[in-house]
Amino acid sequence: MVTAVTNFGRSGLYDWLVQRVSGVVLLAYFIFIGAVVVANPDMSYQEWRTTFEPTWVRVFSVAALLSLAAHAWIGLWCTLTDYVTPRMMGAKANLLRGVLTCVCAVALFTYVVWGISIIWGS
Amino acid sequence: MGSSAVSDCSPFFRINSPHCLGQSGVITVNDNRPVNLDMTTIKLPLPALVSILTRASGVFLFVAMAVLIYALDASLASEESFNALKLELASPLYKLVIWVIVAALIYHAASGIKHLFGDAGVGETLEGGILGAKIVVAVAAILIVVAGIWIW
């Protein structure tokens, strides 16, 4: 049996809301980065670095990283609990899903820490 | 109450309640209902295909983010790594990788925006759902081609 207690907000409504808000943040961030890249086709290193210098860009970047972690976690949780289940894959499915969930959690945590160190460390 | 419990236990919804397992004895008759969620035997209509591709692109993007964060790292670490990355991204193979990732981003975003319209109550009829799916495919296809032209 797959229960709701292992999801992000322990409530479907809360997960639904977080998925929307984080999705909009990510959309805004990728449009921003896309616009910077398209508007400056032959950018130098200094120009690119200057783009990430203002505090608001760094804050926006961290917001995007945290949104990515929440958004991907909710999406992957939904996908795993729909397809990696005993009904779909047999008795080993719960163990496999637990392992895959851990892999996702470690990867997303790594993305957040790695990303913050890039944005604030350089 | 009995009838609502039956619908809660539909195979198309996630099973969350103990009574769905027949332990409490509330439902025993329906426990043997046939379940067919074998994707290879279901003919997916366009809205279903659009929906499942959103998940597939999402899972792909989860992995692809490692590539994007790696590229961000290389682009900001030093002038040498920036120039090395720029040289790598000029090769056809890396251009293809970037285009595939951008295509997944565009598709996932287009489908996500459709979800927001759905949340607002737009396109909830059968016809609306099919039209919405067609719009997502059309908009994503145009933007993916435009992105491809820009990359090459």
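Nothing here was measured: the structure is a model prediction, and the numbers come from that model.

Undergrad: What exactly am I supposed to notice about the overall build of chain B here?
TA: Counting its regular elements, chain B contains 5 helices and 0 strands. Helices and strands in chain B line up, N terminus first, as α-α-α-α-α. Looking at chain B as a whole, 27% of its 152 residues qualify as buried. Pairs at least 24 residues apart make up 63% of the contacts formed inside chain B by residues separated by at least 6 positions. By element, 72% of the accessible surface of chain B is carried by carbon and sulfur atoms, the whole surface being about 9400 Å².

Undergrad: What is the right way to read the packing of helix α1 (residues 12-39) of chain A against helix α3 (residues 55-83) of chain A from this model?
TA: The angle between the axes and the distance between the axes are what describe a pair of packed helices. All names here are of chain A. α3 packs onto α1 with a crossing angle of 135° between their chain directions and a minimal axis gap of 8 Å. Taken as axis vectors, α1 and α3 run oblique relative to one another. Along this stretch, α1 crosses α3, giving a crossing that reads as left-handed. Facing α1, whose interface residues are Asp15, Val18, Gln19, Ser22, Gly23, Val25, Leu26, Ala28, Tyr29 and Phe32, α3 presents Trp56, Val57, Phe60, Ser61, Ala63, Ala64, Ser67, Leu68, Ala70, His71, Ile74 and Gly75.

Undergrad: Would you mind going over the environment of Tyr83 of chain A with me for this structure?
TA: Of note, Tyr83 of chain A is situated in helix α3. It is 9.2 Å that separates the C-alpha atoms of Tyr83 of chain A and Arg97 of chain A, two residues lying 14 residues apart in sequence.

Undergrad: Would you mind showing me how to read the confidence of the model for chain B here?
TA: Fine structural detail should not be taken from predicted coordinates in areas where pLDDT scores are low. Residue and element names in this part refer to chain B. For chain B, mean pLDDT is 83; residues scoring 70 or higher make up 76% of the total. Averaged pLDDT values for the elements of chain B fall to 39 in helix α1 (residues 2-8) and rise to 97 in helix α4 (residues 92-119). Model confidence for the complex is summarised by a pTM of 0.83, with the ipTM given as 0.92.

Undergrad: Please clarify how the packing of aromatic side chains should be interpreted in this entry.
TA: Aromatic rings in a pair are described by how distant their centres are and how their planes are angled relative to each other. Inspection of the entire model under this criterion finds 9 aromatic pairs over all chains. For the pair Tyr29 of chain A and Phe60 of chain A, a centre-to-centre distance of 5.0 Å together with 90° between the ring planes defines the contact as edge-to-face. Of this pair, Tyr29 of chain A sits in helix α1 while Phe60 of chain A sits in helix α3, and the two are 31 residues apart along the sequence. Given a relative accessible area of 11%, Tyr29 of chain A falls into the buried group. Centroid distance Trp99 of chain B to Trp152 of chain B: 5.9 Å. Interplanar angle 80°. Geometry classified as edge-to-face. Of this pair, Trp99 of chain B sits in helix α4 while Trp152 of chain B sits in the segment after α5 (126-151), and the two are 53 residues apart along the sequence. Looking at Trp99 of chain B, the relative accessible area reads 27%, which means it is partly exposed. Site record: aromatic cluster; members linked through ring pairs are Tyr29, Phe30, Phe32, Trp56 and Phe60 of chain A. The ring of Trp120 of chain A has Arg58 of chain A lying over it, and the distance from NZ or CZ to the ring centre is 5.6 Å.

The rules behind these values
- Residues numbered from 1 in each chain as written.
- Chains lettered and ligands numbered in written order.
- Predicted model: local features only at pLDDT ≥ 70, side-chain atom pairs only at ≥ 80, totals over all residues.
- Heavy atoms only, no water.
- Helix = DSSP H or I, 4+ residues; strand = E, 2+ residues; numbered from the N terminus.
- Buried < 20%, exposed > 50% of the residue type's maximum accessible area, 1.4 Å probe, protein only.
- Contact = heavy atoms within 4.5 Å.
- Areas by Shrake-Rupley, 256 points an atom, 1.4 Å probe, with all protein chains shown as cover.
- Axes fitted to C-alpha atoms, helices over the stretch in contact; angles between N-to-C directions.
- Parallel < 35°, antiparallel > 145°, perpendicular 65-115°, else oblique.
- Left-handed = near helix turned anticlockwise from the far one by under 90°.
- pLDDT = per-residue confidence, 0-100.
- Phe/Tyr/Trp six-rings, centres within 6.5 Å; stacked < 30°, edge-to-face > 60°.
- Lys NZ or Arg CZ within 6 Å of the ring centre and 35° of its normal.

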